[in-house]
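What follows is each chain in one-letter form.
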Amino acid sequence: MAGLKDKRGFIDKDRLDLSERQAVEYWMKRWGVTRDQIVAAHRKAGRMVKDIAAELGKKR
């Protein structure tokens, strides 16, 4: 998975997999939202980070 490098590995900058704890924590911190908000946006908008960001009203 290519993308943003985290201390523990790589985080995909295009797709969000809710089963990857580090990726969810990264985007929670980046957008200043809760896990529940990310899960709800993921269910509604799909797994693409740009779509989730738009659903949350945040910039990617």
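Conventions and cut-offs
Residues numbered from 1 in each chain as written. Predicted model: local features only at pLDDT ≥ 70, side-chain atom pairs only at ≥ 80, totals over all residues. Heavy atoms only, no water. Helix = DSSP H or I, 4+ residues; strand = E, 2+ residues; numbered from the N terminus. Contact = heavy atoms within 4.5 Å. Areas by Shrake-Rupley, 256 points an atom, 1.4 Å probe, with all protein chains shown as cover. pLDDT = per-residue confidence, 0-100. Core = buried A, V, L, I, M, F, W, Y, C linked by side-chain atoms within 4.5 Å. Buried < 20%, exposed > 50% of the residue type's maximum accessible area, 1.4 Å probe, protein only. Axes fitted to C-alpha atoms, helices over the stretch in contact; angles between N-to-C directions. Parallel < 35°, antiparallel > 145°, perpendicular 65-115°, else oblique. Left-handed = near helix turned anticlockwise from the far one by under 90°. Nonpolar A, V, L, I, M, F, W, Y, C, P; charged D, E, K, R; others polar.

Caption draft 1: Local environment of the overall build of the chain. Within the chain, the secondary structure is distributed over three helices and two strands. Counting from the amino terminus, the chain carries its helices and strands in the arrangement β-β-α-α-α. Look at the contacts in the chain between residues 6 or more apart in sequence, and 25% of them connect residues 24 or more apart. Taken as a whole, the chain presents about 4,200 Å² of accessible surface, with 48% of it coming from carbon and sulfur.

Caption draft 2: Focus on the confidence of the model for the chain. On average, residues of the chain score 87 in pLDDT, and 85% of them are at 70 or above. The secondary-structure element of the chain with the lowest mean pLDDT is strand β1 (residues 3-6), recorded at 55, while helix α2 (residues 35-45) shows the highest, at 97.

Caption draft 3: Fine view of the nonpolar core. Judged by nonpolar contacts, the single largest core of 14 residues is most densely connected at Leu 16, Leu 18, Trp 27, Trp 31, Ile 38, Val 49 and Ile 52. Of all elements in the fold, only α1 (21-31), α2 and α3 (49-56) reach the threshold of two or more residues within this core. In terms of residue count, the dominant contributor to this core is α1 (four residues). Excluding residues that lie within four positions of it along the chain, Val 49 makes contacts with Lys 13, Asp 14, Arg 15, Leu 16, Trp 27, Trp 31 and Arg 60.

Caption draft 4: Structural detail: the packing of α2 against α3. Running from amino to carboxyl end, α2 crosses α3 at an angle of 115 degrees, the nearest separation of the two axes being 9 Å. Considering the angle they form, α2 stands roughly perpendicular to α3. At the point where α2 passes α3, the crossing takes the right-handed sense. Each of Gln 37, Ile 38, Ala 41, His 42, Lys 44 and Ala 45 in α2 lies in contact with α3, whose residues at this interface are Asp 51, Ile 52, Glu 55 and Leu 56. Here the contact of α2 with α3 is built from residues that sort into five nonpolar, two polar and three charged.

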